Structure formats: structure tokens, C-alpha cells
Amino acid sequence: MSRKVLVVDDEKLIVKGIRFSLEQDGMEVDCAYDGEEAVEKAKDKKYDIILLDLMLPKMDGLEVCQQIREFSNVPIVMLTAKGEDMDKILGLEYGADDYITKPFSVIELQARVKAFLRRANEYARSMPERENEAGQTQIRIGDLLIDPGNLTVQKRGEGISLTAKEFDILRLLAGNPSRVYTKIQIYESVWDENFLKDENVINVTIRRLREKIEDNPSAPVYIKTVWGIGYKMRTGKAE
């Protein structure tokens, strides 16, 4: 079954080029040219990934991302012509999984999209697992129940909505409790590319993840900062 991609950009030549390149890889590509159209298409159809421009008519990319996050955890990659760190951080704060700064090459874009889709297929294969009564694989850390097969996380029986990158980081850390991962290791494992010396991406995503899984993000029980090194997963018990 072909993967479904939504490309959102008001520059039709850019959309045409992206669509052509992804279709050459066997993907099914839909297009939207303003923010409102993007939200409607994301509601009407399930996509495997959304490529979302920051500057859009009717509704900007940040607002589009925020609205989509209210009903979907589809991976979102922001496309932005602005290179400032603040724009990238804002995109992550609003729920984006990654960003690509314009101008970008078709080859770079294809590689990013393939990496996201490949990692989606790997969720269920790289974590220490145990079977539940239904035969599905799960892992429990403290009050968290992580199901990599269904891409779901529960805390005390209630579902937690995570983005793809948040889930990837949680899966990585939970798979090896108490092991310390450097930021470089986290980035290269989760983002599936060489570290580009941009720690803001990791810092923002970790903070967002803590806000969702911790009772008190300022005093985290699960994801502990190891100062000067990186992060590790705690068992949920005080250390």
C-alpha cells in the first residue's frame, strides 16, 4: 500500500516539484495551498506525513499545526524560508516533529520523508517487550504503559497523545531504563541523521514530552537530566 503525503504550500511550483519527486518514490500525494484547506484535508483523510509550509494564506503554518494536533499525531515537517532558531523552536512548540529550511534539494526532502516513514515501521521492533493478554507487545515503566505495536501510551489507564518524535524518544529511553543517552545519540537515533549542533530541537521535544507524561514537569520522575551529558529514563521511583 502506498504511503499518503499531504503537501501544504502556497507556491505552486514548489508543490509541483515536491509532488513529482514523491510520486516517483511510489507515494500518494495530496496538495493544499492555504491553511484552511490543509486542516480540512487532514480531517478528511489519514496521512502518513504532512509537509507544512510556515507562511500560508488564511491561516499560518503554526496555527495549522496546532489545530491538526487537536485530532491527529501524524508526523508534521515544517517547511520554512526563515532560518532563525526562533522560527524552528516555535514550530516544535506547536507540535511539529521536524523542519526543513528553504531552499532545500529534492534529494534532501526525499531522504527526510523516507526516514520518517521508515522509523514509523520500526516502532514495534527495537524495545524490550512483554506480551499482554491480547498477544500485543507492551512495556511498563512506573505508571506508564507503552504499546509500540499500536503506537499508544497510557498513564494510569488514560491515553496520552504524543507526536511521532516524542514517541520515538520515549521508546528509546524506555527501552534501556537507567542508560544515559547523550543528546547526539538521541538526535542521531530519533532524527536518523547526523547531529547538526542544534540542541534546541532535542531540548524542546524533551520538554514537551515531560509536560505530557510527568505529574510535575519541573520535578520529573521519568525523564531525568544528567547534567553535561544528556538524559535517561527513571523507573518512576525516587532516586
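On a predicted model such as this, the values are computed, not experimentally measured, just so you know.

Draft legend 1. Structural detail: the overall build of the protein chain. For the protein chain, the count of helices and strands is 8 helices and 13 strands. Taken across its 239 residues, the protein chain has 50% of its residues classed as buried. Counting only contacts in the protein chain whose residues sit at least 6 apart along the sequence, the fraction spanning at least 24 positions is 55%. If you sum the accessible surface of the protein chain, you get close to 11900 Å²; carbon and sulfur atoms cover 49% of it.

Draft legend 2. Local environment of helix α8 (residues 199-213). Across its 15 residues, α8 extends 21 Å between first and last C-alpha, which sits within 8% of the 21 Å expected from 1.5 Å per residue. Of the residues making up α8, those classed as buried are Val201, Ile202, Val204, Thr205, Ile206, Arg208, Leu209, Arg210 and Ile213.

Draft legend 3. Looking closely at the packing of aromatic side chains. Applying the stated criterion across every chain, the model contains 0 aromatic pairs. A cation over a ring is seen here: Lys12 above Tyr33, with NZ or CZ 5.3 Å from the ring centre.

Draft legend 4. Quick look at the pairing of strand β8 (residues 144-147). In β8, alternate side chains face the same way, and those of Leu144 and Ile146 on one face and Leu145 and Asp147 on the other are all buried. Sheet analysis places β8 next to strand β9 (residues 152-155), joined by 4 bridges and oriented antiparallel. Within the sheet, the bridge partner assigned to Ile146 lies in β9 and is Val153.

Draft legend 5. Region of interest: helix α3 (residues 61-68). What α3 keeps buried is the set Gly61, Leu62, Val64, Cys65 and Ile68. The buried residues of α3 occupy an angular sector of 160° when the element is viewed end-on, so they sit on one face. Sitting at the head of α3, Asp60 places a side-chain oxygen 3.0 Å from the backbone nitrogen of Leu62.

Draft legend 6. Focus on the sheet that holds strand β3 (residues 49-53). The 5 strands lie next to each other as β2-β1-β3-β4-β5, forming an open sheet whose pairing is parallel. Each having just a single partner strand, β2 (28-32) and β5 (98-101) make up the two edges of the open sheet. Geometrically, the sheet is characterised by an average inter-axis angle of 20° between neighbouring strands, direction not taken into account. One ladder, built from 5 bridges, connects strand β1 (residues 4-8) with β2; its direction is parallel. Residue pairing in the sheet places Val5 in a bridge with Val29 of β2. The strands that α3 touches are β3 and β4 (76-80); relative to β3, the one it contacts most, it runs at about 150°.

Draft legend 7. Fine view of the nonpolar core. Among the nonpolar cores identified, the biggest contains 51 residues, and Ile50, Leu52, Ile76, Leu170 and Ile223 are the most heavily contacted of them. Excluding anything up to four places from it in sequence, Leu52 contacts Val8, Gly61, Val64, Cys65, Ile76, Val77, Met78 and Leu79. By size, the runner-up hydrophobic cluster in this structure holds 18 residues, among which are Val5, Val7, Ile18 and Phe104.

Reading the values: the criteria
Residues numbered from 1 in each chain as written. Predicted model: local features only at pLDDT ≥ 70, side-chain atom pairs only at ≥ 80, totals over all residues. Heavy atoms only, no water. Helix = DSSP H or I, 4+ residues; strand = E, 2+ residues; numbered from the N terminus. Buried < 20%, exposed > 50% of the residue type's maximum accessible area, 1.4 Å probe, protein only. Contact = heavy atoms within 4.5 Å. Areas by Shrake-Rupley, 256 points an atom, 1.4 Å probe, with all protein chains shown as cover. Expected span 1.5 Å × (residues − 1). Phe/Tyr/Trp six-rings, centres within 6.5 Å; stacked < 30°, edge-to-face > 60°. Lys NZ or Arg CZ within 6 Å of the ring centre and 35° of its normal. Pairing = 2+ DSSP bridges. Arc of directions from axis to C-beta. Polar contact = N/O pair within 3.5 Å; in protein donor to acceptor, adjacent residues only side chain to side chain. Axes fitted to C-alpha atoms, helices over the stretch in contact; angles between N-to-C directions. Core = buried A, V, L, I, M, F, W, Y, C linked by side-chain atoms within 4.5 Å.

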